[in-house]
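# Coordinates in review
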Amino acid sequence: MAIKVLIIDDSALIRSLLSDIINRQPDMEVAGTAPDPLVAREKIRALNPDVLTLDVEMPRMDGLVFLERLMRLRPTPVIMVSSLTERHSAVTLQALELGAFDFVTKPKIDICNSFQDYTDELTDKIRGAARCRLHRPLRDTVARTIESKNSADVVLPAHHGRFATTEKVVVIGSSTGGTEALKAYLTTMPPDCPGTLITQHMPETFTMTFARRLDSMCKISVKEAEGGERVLPGHAYIAPGNRHLLLKRSGANYVTELSDAPPVSRHRPSVDVLFRSAANCAGSNAIGIIMTGMGDDGAAGMKEMHDNGAFTLAQDEESCVVFGMPKEAIARGGVDRVVPLPELSSHLFDWLSAQGRRNFRV
């Protein structure tokens with residue numbers, strides 16, 4: 001049975017473009033369109049769609065008000081469609097907190113050169129949202145085969161080395177559902193926790209807003225990585241949208257590095273790139289955490305970290321929005337422990353204490 005999608009957007013051009021993309025897929029169809037939330041409300045009752053796409057700013061009713069009422073009265077998977085502006089990114093992050101499944105950026109008029117990539121992103125997320133709607137285990141969220149995709153080799157080679165320092169560092173990878181998972185994890189971190197590098201699949205503009213939002217909520221400092229800064233305890237560095245984040249060494253210190261190398265595992269930033277860099281320059285002093293997300297980005301890199309002696313954790317299926325990335329990392333044998341999201345921090349602290357670090361207090 002085809003996935004029924006209702007498109008809610010005040011732009012007739014965007015409604016037409018999204019409709020064309022969706023109707024070209026053999027497993028989905030546009031059940032209807034609406035120019036604002038009030039029209040959408042009636043069409044939801046009449047059409048009973050499986051998934052909604054929702055513009056960030058809507059006439060006649062604020063999009064966040066509509067989303068909050070929808071999730072309270074008739075929970076339905078929603079994919080936000082947002083423009084690449086700081087103001088829109090802040091609203092989109094609020095929408096994710098209210099229960100939106102995921103988001104895509106608003107298609108541009110000159111999308112021709114990247115039309116297939118945009119189509120893949122949108123339709124993959126619709127499929128994942130539809131499975132969530134049906135309360136099925138989110139096992140394989142991408143219903144197509146990728147014939148070829150880059151590995152982390154296009155950014156940096158893998159190697160096994162010796163590590164003179166004992167300073168610990170945490171690297172985290174996440175995608176769909178990751179904004180809320182990261183917030184839940186980082187707000188438990190004490191000010192003297194190990195320095196943390198994060199790759200969350202997000203476009204440009206969104207990562208800066210996301211970092212500022214987390215920084216206002218956490219005891220630790222959270223910022224978008226700039227490249228070249230020393231990785232300090234009590235600090236978290238988020239990969240900028242459209243740039244890979246790597247962990248490097250400068251003498252006895254860890255530093256961040258940014259790369260414009262090609263996408264890896266179909267992503268830039270890529271979790272595989274971050275994890276390989278940690279395997280290369282931190283080895284057994286690294287802790288890797290893979291969280292909720294579609295696809296398999298990070299699975300290969302986590303196996304490399306594990307084989308280089310790192311301690312590795314994966315978020316369990318029950319607490320994931322999408323059990324794709326953790327599932328694949330577990331299947332490849334790169335995960336030491338599989339734990340619920342609320343327990344990730346306690347397992348981290350227990351491991352650090354066992355390594356001779358003092359007991360941490362949140």
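Residue positions are given per chain, counted from 1 along the sequence in the order it is written. Reporting in this predicted model follows two pLDDT cut-offs: at least 70 for local features of residues, and 80 or more for side-chain atom pairs to be given and counted; totals over whole chains, interfaces and linings ignore these cut-offs and use all residues. Side-chain measures here rest on the full set of heavy atoms in the structure, leaving out hydrogens and waters.

A few words now on the overall build of the protein chain. Put simply, DSSP H or I for four residues or longer makes a helix, DSSP E for two residues or longer makes a strand, and each gets a number counted from the N terminus. When helices and strands are tallied, the protein chain shows eleven helices and 14 strands. Using a 1.4 Å probe on the protein chains alone, a residue whose accessible area is under 20% of its type maximum counts as buried, one over 50% counts as exposed, and one in between counts as partly exposed. Evaluated residue by residue, the protein chain yields a buried proportion of 54% over its 362 residues. Residue contacts are defined here by distance: any two heavy atoms, one from each residue, within 4.5 Å place the two residues in contact. When contacts within the protein chain are restricted to residue pairs at least 6 apart in sequence, long-range pairs at least 24 apart make up 73% of them. Working note: accessible area of the protein chain is about 15100 Å², and carbon and sulfur atoms make up 48% of it. With residues, only the protein chains shown are counted as cover, and all accessible areas are computed by Shrake-Rupley using a 1.4 Å probe.

The next subject is the packing of aromatic side chains. For Phe, Tyr and Trp, rings pair up if their centres lie within 6.5 Å, where Trp contributes its six-membered ring, and each pair is then called stacked (planes under 30 degrees apart), edge-to-face (over 60) or tilted (otherwise). Counted by the stated rule, this structure contains two aromatic pairs. An angle of 10° between the planes, with centres 4.7 Å apart, marks the rings of Phe103 and Phe206 as stacked. Pair noted here: Phe103 is in strand E5 (residues 102-105) and Phe206 is in helix H7 (residues 206-217), with a separation of 103 residues, a long-range link. The same class applies to Phe103 as to Phe206, namely buried. Ring geometry for Phe311 versus Trp351: centroids 5.0 Å apart, planes at 5°, classification stacked. Residue Phe311 is found in strand E13 (residues 311-315), and its partner Trp351 is found in helix H11 (residues 344-354); the two are separated by 40 residues along the sequence. Taken as a pair, Phe311 and Trp351 share a single burial class, namely buried. Either the NZ atom of lysine or the CZ atom of arginine qualifies as a charge over a ring when it sits within 6 Å of the ring centre and within 35 degrees of the ring normal. If you follow Lys125 out to its NZ or CZ, it ends over the ring of Phe103, 5.5 Å from the centre.

As a working rule, side chains carrying opposite charge can pair if their charged atoms are close by. Salt bridges are identified by distance alone: a Lys or Arg side-chain nitrogen within 4 Å of an Asp or Glu carboxyl oxygen. Applying the stated criterion to the full structure yields 21 salt bridges. For Asp102, the salt bridge identified is with Lys125, shortest N-O distance 3.6 Å. Of the two residues, Asp102 is situated in strand E5 and Lys125 in helix H5 (residues 115-133); the sequence distance between them amounts to 23 residues. Of the two residues, Asp102 and Lys125, neither departs from the other in class, the shared state being buried. Between Glu226 and Lys223 there is a salt bridge, with its nearest N and O atoms 3.3 Å apart. Overall, the relative accessible area of 60% leaves Glu226 in the exposed class. By relative accessible area, Lys223 is classed as partly exposed at 25%. Counted as one network, the salt bridges with shared partners bring together Asp27, Asp124, Arg127 and Arg266.

As a rule, the C-alpha atoms of each element are fitted with a line to give its axis, helices using only the stretch in contact, and angles between N-to-C directions run from 0 to 180 degrees. Contact pair helix H4 (residues 86-98) / helix H6 (residues 178-186): the axes reach a minimum separation of 9 Å and the direction vectors enclose 80°. Between H4 and H6, the angle falls in the class roughly perpendicular. The residues of H6 that touch H4, namely those facing Leu93, Leu96 and Glu97, are Thr179, Glu180 and Lys183. Gly is placed with the polar residues, together with every amino acid not listed as nonpolar (Ala, Val, Leu, Ile, Met, Phe, Trp, Tyr, Cys and Pro) or charged (Asp, Glu, Lys and Arg). Tallied by class, residues from the contact of H4 with H6 come to two nonpolar, one polar and three charged. In these notes the angle categories are as follows: under 35 degrees is roughly parallel, over 145 is roughly antiparallel, 65 to 115 is roughly perpendicular, and the rest is oblique.

So, about the sheet that holds strand E4 (residues 78-82). Spatial ordering of the open sheet is given by E2-E1-E3-E4-E5, a layout of five strands whose pairing is parallel. Strands at the two margins of the open sheet, each flanked by one partner only, are strand E2 (28-34) and E5. Neighbour to neighbour, the strand axes of the sheet diverge by 25° on average, direction disregarded. On top of the sheet, helix H2 (residues 37-47) reaches strand E1 (3-8), E2 and strand E3 (51-55); it is set at about 165° to E1, its chief contact. Should DSSP find at least two bridges between two strands, the strands are taken to pair.

As a further point, take helix H3 (residues 63-73). Of the positions making up H3, those classed as buried are Gly63, Leu64, Phe66, Leu67, Leu70 and Met71. Relative to the axis of H3, the buried residues are bounded by an arc of 160° and lie together on one face. Structural note: H3 exposes Arg72 and Leu73 on the side pointing more than 90 degrees away from its buried face. In this fold, the buried residues of H3 make contact with E1, H2, E3, E4 and H4. One side-chain oxygen of the residue at the start of H3 lies 2.8 Å from the amide nitrogen of Leu64, identifying that residue as Asp62. For this quantity, the arc is that covered by the directions from the helix axis to the C-beta atoms. Definition of a polar contact: a pair of N or O atoms within 3.5 Å, with one able to donate and the other able to accept a hydrogen when the atoms are protein atoms, and with sequence-neighbouring residues admitted only if both atoms are side-chain atoms.

Generally speaking, soluble globular proteins have nonpolar side chains that are buried together. Grouped together as the largest cluster of nonpolar side chains are 54 residues, with contacts concentrated most on Ile8, Met80, Tyr185, Leu186, Ile289 and Met291. Non-local contacts of Ile8, meaning those with residues more than four positions away in its chain, are made with Ala34, Asp36, Pro37, Ala40, Leu52, Thr53, Leu54, Asp55, Met58 and Phe66. We call a set of buried residues a nonpolar core when its members are Ala, Val, Leu, Ile, Met, Phe, Trp, Tyr or Cys and they connect through side-chain atoms within 4.5 Å of each other.

Before going further, it helps to examine the pairing of strand E10 (residues 244-250). Bridge count between E10 and strand E11 (residues 253-259): seven bridges; the pairing is antiparallel. By the bridge assignment for E11, Leu245 is matched with Leu258.

On to the sheet that holds E13, then. Spatially, seven strands are ordered E8-E9-E7-E6-E12-E13-E14 in an open sheet, and the strand pairing comes out parallel. Both outer strands of the open sheet, strand E8 (221-224) and strand E14 (337-339), are each paired with one neighbouring strand and no more. On average, each strand axis in the sheet is tilted by 20° relative to the strand beside it, whichever way the strands run. Direction of pairing for strand E6 (residues 169-174) relative to strand E12 (residues 286-290): parallel, over a ladder of five bridges. Along E12, the bridge assignment pairs Ile172 with Ile289. Seen against the sheet, helix H8 (residues 271-281) touches E6, strand E7 (195-200) and E12 and runs at an angle of roughly 165° to E6.

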